[in-house]
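A closer look at the structure
Here are the chains, one letter per residue:
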Amino acid sequence: MAKQGKVLNFIAWLTGVLVSLSVGFAMIDGILALPTWLGGVTLAMIVGWIVVITTVVSAVMAILQK
């Protein structure tokens, strides 16, 4: 029973990482953008890089912690 919970937790974690990276790269590429009054494509690109970098760092830290 405990093993099943660990597998589900891993799947949820992996899904979160993949979604974060997908959204981050979409913002970097200009596919996803913010409205002009919020900074537009330029701010979206900066935020995209922040999302990608923090996701990679947190994934590495989670793997090394195990």
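Scroll up to find the structure.
The sections below set out a description of the structure shown in this document. (Residues numbered from 1 in each chain as written. Predicted model: local features only at pLDDT ≥ 70, side-chain atom pairs only at ≥ 80, totals over all residues. Heavy atoms only, no water.)

**Looking at helix H2 (residues 40–65)**
- Its 26 residues give H2 an end-to-end C-alpha distance of 37 Å, which sits within 8% of 38 Å, the value for a rise of 1.5 Å per residue.
- Turning to H2, its buried residues number three or more, namely Gly 40, Ala 44, Gly 48, Val 52, Thr 55 and Ala 59.
- Along its buried surface, H2 packs onto helix H1 (2–29). (Helix = DSSP H or I, 4+ residues; strand = E, 2+ residues; numbered from the N terminus. Expected span 1.5 Å × (residues − 1). Buried < 20%, exposed > 50% of the residue type's maximum accessible area, 1.4 Å probe, protein only. Contact = heavy atoms within 4.5 Å.)

**Focus on the side chain of Thr 55**
- Structurally, the position occupied by Thr 55 is in helix H2.
- Owing to a relative accessible area of 9%, Thr 55 belongs among the buried residues under this scheme.
- Apart from residues no more than four positions distant in its own chain, Thr 55 is found in contact with Val 17, Ser 20 and Leu 21.

**Section: the packing of aromatic side chains**
- Taken as a whole and assessed by the stated rule, the structure comprises one aromatic pair.
- Taking 5.9 Å as the distance between ring centres and 35° as the angle between the ring planes, the aromatic pair formed by Phe 10 and Trp 13 counts as tilted. With Phe 10 and Trp 13 both in helix H1, this residue pair falls three residues apart, about one helical turn.
- Accessibility expressed as a relative area gives 47% for Phe 10, which makes it partly exposed.
- Judged by its relative accessible area of 33%, Trp 13 is partly exposed. (Phe/Tyr/Trp six-rings, centres within 6.5 Å; stacked < 30°, edge-to-face > 60°.)

**Notes on H1**
- A rise of 1.5 Å per residue sets the reference length of H1, with its 28 residues, at 40 Å; its end C-alpha atoms lie 41 Å apart and thus fit the reference within 8%.
- By the burial criterion, the buried members of H1 are Val 17, Gly 24, Ala 26, Met 27 and Ile 28.
- For H1, the elements touching its buried residues are H2.
- Downstream of H1 by a residue or two, Gly 30 has a phi angle that is positive, lying close to 90°.

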